[in-house]
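Single-letter residue listing:
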Amino acid sequence: MKRGVGEKASVIRERRGILARGRWGYRLLYAIARRVCQVFAVGLYQVRYTGRENIPPEGGVLVVANHQSHFDPPLVGMGCMRELNYLARDSLFRVRPLRWIMELFDTIPIKRDGMGLEGIKETLRRLKQGEMVLMFPEGTRCWDGQVGPFRPGFTTLALRSGASILPVGIEGAYQVWPRWRRFPHLVGRIHVHYGPVLSPEEIQALAQHEQDLVEEVRNRVRACLAVLRRHPNFAHLPPP
């Protein structure tokens, strides 16, 4: 019998409790996985990170990035000194190898047309516990390498949790693995930039008009992309 999103979230919470009792084991597993991904990413795509000094060393952080390829979640996570929580469509949990990996790394299942109640609750819980959660407010991978419109749901999570928002720009992943390709190119260059964080106080001040907050965060992600496009590898690309 297939499990629903709510049941998947319960299973993940149960696994998370087991991992918490042996937290050193989870941290070791996460560190090993990150190192392995870094070796492949640097070897194949010469991945480069800038702005890591902007990553808050503690506290709840909603990490908001543009979405260029399937590589984006591990790309953002590899550059963070802290462990990152991920979101994934519930349909991906039906693929057994992916389900095993996602459950192992506490991935939060979400519905295709929105997070769903269980996904919202679990995301809020982790942010309030001072963890980092990665989101792609565009909702899907881009078609042209540019930053598309942002869906507003992430603003409610930041406001209700009291978390900061960390904007992130990813460049080069679109050229390596555009959404219409079944498999990625095996060579390329990818850069990631972490921008200045929006504090809870700044978020509250902008939240009087939700669209203002959405556009401010989107503009900050675009500013991260603009930083990357000043590099010679991407100077030929248009402004974001």
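Residues numbered from 1 in each chain as written. Predicted model: local features only at pLDDT ≥ 70, side-chain atom pairs only at ≥ 80, totals over all residues. Heavy atoms only, no water.

Peer 1: Got a minute to help me understand the overall build of the protein chain in this structure?
Peer 2: Scanning the protein chain from N- to C-terminus turns up nine helices and eight strands. Evaluated residue by residue, the protein chain yields a buried proportion of 48% over its 240 residues. When the accessible surface of the protein chain is summed, it comes to about 12300 Å², and 57% of that surface belongs to carbon and sulfur atoms. (Helix = DSSP H or I, 4+ residues; strand = E, 2+ residues; numbered from the N terminus. Buried < 20%, exposed > 50% of the residue type's maximum accessible area, 1.4 Å probe, protein only. Areas by Shrake-Rupley, 256 points an atom, 1.4 Å probe, with all protein chains shown as cover.)

Peer 1: Looking at this structure, how should I read the nonpolar core?
Peer 2: Taken as a class, soluble globular proteins show a tendency for nonpolar side chains to be buried jointly. Among the nonpolar cores identified, the biggest contains 30 residues, and Val 63, Leu 75, Val 76, Ile 170 and Tyr 194 are the most heavily contacted of them. Elements with a contribution of two residues or more to this core: helix 2 (23-45), strand 2 (61-65), helix 3 (72-78), strand 6 (132-135), strand 7 (164-171), helix 7 (173-176) and strand 8 (191-194). In terms of residues, this core owes the most to one element, helix 2, which gives four residues. Every residue in contact with Val 76, bar those within four places of it in the chain, is listed here: Val 63, Ala 65, Leu 84, Leu 134, Val 168, Ile 170 and Tyr 194. (Core = buried A, V, L, I, M, F, W, Y, C linked by side-chain atoms within 4.5 Å. Contact = heavy atoms within 4.5 Å.)

Peer 1: Help me understand the sheet that holds strand 7, please; the structure alone is not making it clear to me.
Peer 2: Sheet strands pair via backbone hydrogen bonds, and the direction of the pair is either parallel or antiparallel. Ordered by their spatial adjacency, six strands build an open sheet running 1-8-7-2-6-3, and the pairing between neighbours is mixed. Since the sheet does not close on itself, it has two edges, and those belong to strand 1 (48-50) and strand 3 (84-85), each with one partner. Across three bridges, strand 1 lies against strand 8 in parallel orientation. The residue of strand 8 that forms the bridge with Thr 50 is His 193. Relative to strand 2, helix 6 (residues 153-161) is tilted by about 160°, and along the sheet it contacts strand 2, strand 6 and strand 7. Its contacts with the sheet put helix 9 (residues 210-228) on strand 1, strand 2, strand 7 and strand 8, and the angle it makes with strand 7 is roughly 40°. (Pairing = 2+ DSSP bridges. Axes fitted to C-alpha atoms, helices over the stretch in contact; angles between N-to-C directions.)

Peer 1: What is the right way to look at the pattern of salt bridges in this model?
Peer 2: Two side chains with opposite charge may pair up if their charged atoms get near one another. Counted under the stated rule, the structure contains seven salt bridges. Put simply, Arg 229 and Glu 171 hold a salt bridge, and the shortest N to O gap is 2.5 Å. Within this pair, whereas Arg 229 is found in the segment after helix 9, its partner Glu 171 is found in strand 7, the two being separated by 58 residues in sequence. Each member of the pair, Arg 229 as well as Glu 171, carries the same accessibility label: buried. Note that Glu 202 is salt-bridged to Arg 220, the shortest N-O span being 3.7 Å. A residue pair is termed long-range when its members are at least 10 positions apart, and Glu 202 in helix 8 (residues 200-206) and Arg 220 in helix 9 qualify at 18 residues. Here Glu 202 falls in the partly exposed class, since its relative accessible area comes to 34%. If you follow the salt bridges from partner to partner, you end up with Glu 122, Arg 125 and Arg 126 in one network. (Salt bridge = Lys/Arg side-chain N within 4 Å of Asp/Glu carboxyl O.)

Peer 1: How should the packing of aromatic side chains be read in this particular structure?
Peer 2: The geometry of two aromatic rings is summed up by the distance between their centres and the angle between their planes. Under the counting rule described, the total for this entry stands at five aromatic pairs. Summarising the aromatic geometry, the rings of Phe 150 and Phe 154 are spaced 6.1 Å apart at their centres and angled 85° between planes, so their arrangement reads as edge-to-face. Classification of Phe 150 as buried rests on a relative accessible area of 8%. For Phe 154, a relative accessible area of 1% gives the class buried. Aromatic rings pair up to connect Tyr 45, Phe 71 and Trp 177 into one cluster. (Phe/Tyr/Trp six-rings, centres within 6.5 Å; stacked < 30°, edge-to-face > 60°.)

Peer 1: Got a minute to help me understand unusual backbone geometry in this structure?
Peer 2: A negative phi angle characterises most non-glycine residues, just as the trans form characterises most peptide bonds. Not every positive phi belongs to a glycine, and Gln 46 is a case in point at roughly 50°. Tracing the backbone shows Gln 46 in the loop between helix 2 and strand 1. Taking the relative accessible area as the measure of exposure, Gln 46 reaches 43% and is therefore partly exposed.

Peer 1: Any chance you could explain the environment of Met 81 here in plain terms?
Peer 2: Turning to its location among the elements, Met 81 is positioned in the loop between helix 3 and strand 3. C-alpha of Met 81 to C-alpha of Pro 57: the two residues are 24 residues apart in sequence and 8.2 Å apart in space. Sequence-distant contacts of Met 81, defined by excluding residues within four places in its chain, comprise Arg 34, Arg 52 and Ile 55.

Purely geometric numbers; function is a separate question.
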